[in-house]
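Next come the chains, spelled out residue by residue.
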Amino acid sequence: MAAPTKVLMLHGHSQNASIFSKRLGALRKSMGKGIEMVFIDGPIVLLPVDLNGASSAASLAALGASEANATSSDPSTTPRAWWKTNPEKTIAHGLEESILLLRDILQRDRYDGVFGFSQGAAMAALLAALLERPHSYPSFLVDGEAPHPPFKFCVAVSGFKAPGSLSADIFGTSYSTPTLHVLGRNDVIVIEERSKGLLDLSQNKRLEEHDGGHFVPSKANWREFLRDYLTNPLGVIPSPEPRNIIQPTSDD
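None of these values were measured; they are calculated from a predicted model.

Rules used in this analysis
Residues numbered from 1 in each chain as written. Predicted model: local features only at pLDDT ≥ 70, side-chain atom pairs only at ≥ 80, totals over all residues. Heavy atoms only, no water. Helix = DSSP H or I, 4+ residues; strand = E, 2+ residues; numbered from the N terminus. Expected span 1.5 Å × (residues − 1). Buried < 20%, exposed > 50% of the residue type's maximum accessible area, 1.4 Å probe, protein only. Axes fitted to C-alpha atoms, helices over the stretch in contact; angles between N-to-C directions. Left-handed = near helix turned anticlockwise from the far one by under 90°. Contact = heavy atoms within 4.5 Å. Nonpolar A, V, L, I, M, F, W, Y, C, P; charged D, E, K, R; others polar. Phe/Tyr/Trp six-rings, centres within 6.5 Å; stacked < 30°, edge-to-face > 60°. Lys NZ or Arg CZ within 6 Å of the ring centre and 35° of its normal. Salt bridge = Lys/Arg side-chain N within 4 Å of Asp/Glu carboxyl O. Pairing = 2+ DSSP bridges. Core = buried A, V, L, I, M, F, W, Y, C linked by side-chain atoms within 4.5 Å. Patch = residues over 30% accessible without salt bridge, like charges linked within 9 Å, V, L, I, M, F, W, Y side chains within 5 Å. Areas by Shrake-Rupley, 256 points an atom, 1.4 Å probe, with all protein chains shown as cover.

**Student:** Could you clarify how one ought to interpret helix 5 (residues 119-132) in this entry?
**Tutor:** A turn of α-helix holds 3.6 residues, and therefore any two residues three or four places apart point the same way. Counted at 1.5 Å a residue, the expected span for helix 5 with its 14 residues is 20 Å, and the 20 Å between its end C-alpha atoms agrees. Counted residue by residue, helix 5 has 13 buried out of 14 residues, so it is predominantly covered.

See below:
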């Protein structure tokens with residue numbers, strides 16, 4: 001029996017592995033035994049001051065993290081991130097720490113691909129690019145080599161390009177890992193203009209859109225589509241919403 005497809009799952013800003021896993025409960029259950037999703041925590045613990053007003057229930061809910069509580073001692077509700085940014089969203093404080101954490105995780109096990117939401121989608125695409133060009137950040141190397149082969153695929157839901165000079169160095173002009181970009185037409189957290197920055201870097205991309213906002217779509221048609229994509233990312237898989245499909249392209 002073939003080994004299951006193993007997918008590294010990266011949560012969004014203010015979420016954590018537990019919150020993201022619970023949010024994707026219906027999707028996880030639809031995967032069956034052929035796909036294993038591994039959820040991990042970002043290393044940056046967010047304090048109330050970091051949330052900049054997002055501590056209100058409404059703001060956390062908009063981020064997909066209404067369960068988060070920065071004042072609780074319960075680790076399952078601790079809001080986390082892959083980096084902290086400035087109001088202008090031009091700096092990624094702590095990105096290096098996240099890269100080193102992911103280096104260690106990748107060194108211990110093998111993953112077929114990576115799936116991220118929001119800031120986790122930005123991190124997922126950056127990690128995919130870094131595995132293509134590991135020497136662009138020497139601290140990522142283990143004994144002079146990449147800790148893991150390039151991913152077979154990347155899924156970026158409500159993704160954007162990570163800010164800062166390190167991100168720019170890693171991406172260069174583009175990255176080639178096959179990437180499924182999933183965007184919400186009514187997403188007011190990661191607007192289309194921010195997502196375009198990542199789309200423009202993605203050589204081998206497929207874009208799918210849904211009518212909702214800032215979340216991973218989980219209706220039955222999307223669960224079936226994502227299961228089929230994770231099983232065979234290079235296959236010809238019908239769009240969950242046929243009017244939206246932009247089939248895989250390669251910007252040669």
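Next comes the rest of the account.
**Student:** How should I be thinking about the packing of helix 4 (residues 95-108) against helix 5 in this particular structure?
**Tutor:** Each pair of packed helices can be described by the angle between their axes along with the distance between the axes. Two numbers describe how helix 4 lies on helix 5: the axes approach to 12 Å, and their chain directions differ by 65°. The crossing of helix 4 and helix 5 is right-handed. Contacts between helix 4 and helix 5 involve Leu95, Ser98, Ile99, Leu102 and Leu106 on the former and, on the latter, Met123, Leu126, Leu127, Leu130 and Leu131. Looking at the contact of helix 4 with helix 5, its residues break down into nine nonpolar, one polar and no charged.

**Student:** Honestly, the packing of aromatic side chains in this entry has me stumped. Any pointers?
**Tutor:** Here a ring pair, both rings aromatic, is described through the centre-centre distance and the interplanar angle of the planes. Counted by the stated rule, this structure contains seven aromatic pairs. Ring geometry for Phe171 against Tyr175: centres 5.6 Å apart, planes inclined by 55°, an arrangement best described as tilted. Like Tyr175, Phe171 is buried. Note on Phe225 and Tyr229: the rings are 6.5 Å apart at their centroids and 35° apart in plane angle, and the pair reads as tilted. Residue Phe225 and its partner Tyr229 are located together in helix 8 (residues 220-231), separated by four residues, close to a single helical turn. Neither residue differs from the other here; Phe225 and Tyr229 are each classed as buried. An aromatic cluster is present here, built from Phe153, Trp222, Phe225 and Tyr229 joined pairwise through their rings. The ring of Tyr111 carries Lys6 above its face, with NZ or CZ at 5.7 Å from the centroid. Its end group placed over the ring of Phe160, Arg194 keeps NZ or CZ at 4.0 Å from the ring centre.

**Student:** Looking at this structure, I do not really get the pattern of salt bridges. What am I missing?
**Tutor:** Side-chain pairs of opposite charge can arise whenever the charged atoms involved come near each other. Applying the stated criterion to the full structure yields eleven salt bridges. Between Asp200 and Lys196 there is a salt bridge, with the nearest N and O atoms lying 2.9 Å from each other. Using a relative accessible area of 47% as the deciding quantity, one classes Lys196 as partly exposed.

**Student:** How should the pairing of strand 2 (residues 35-40) be read in this particular structure?
**Tutor:** For strand 2, the buried fraction is high: five of the six residues fall into the buried class. As judged from the six bridges shared by strand 1 (residues 5-10) and strand 2, these two strands associate in the parallel manner. Counted as the bridge partner of Met9 is Phe39 from strand 2.

**Student:** Mind showing me how you'd approach the nonpolar core here?
**Tutor:** Here is a general trend for soluble globular proteins: nonpolar side chains tend to be buried in one another's company. The biggest cluster of nonpolar side chains holds 39 residues, and the ones touching the most others in it are Leu8, Leu10, Trp83, Ile99 and Met123. Every element with two or more residues in this core is listed here: strand 1, strand 2, helix 4, helix 5, strand 6 (153-157) and helix 6 (165-171). Counting residues per element, this core draws most heavily on helix 5, at eleven residues. Listed in part, the 24 residues of the second largest apolar core include Met37, Phe153, Val216 and Leu226.

**Student:** Is there a simple way to explain a nonpolar patch on the surface in this structure?
**Tutor:** On the surface, Val45, Leu47 and Val49 cluster together to form a nonpolar patch covering roughly 260 Å² of accessible area. With respect to the element layout, Leu47 can be found in the loop between strand 3 (44-45) and helix 3 (57-62).

Any functional reading would require information that these geometric values do not contain.
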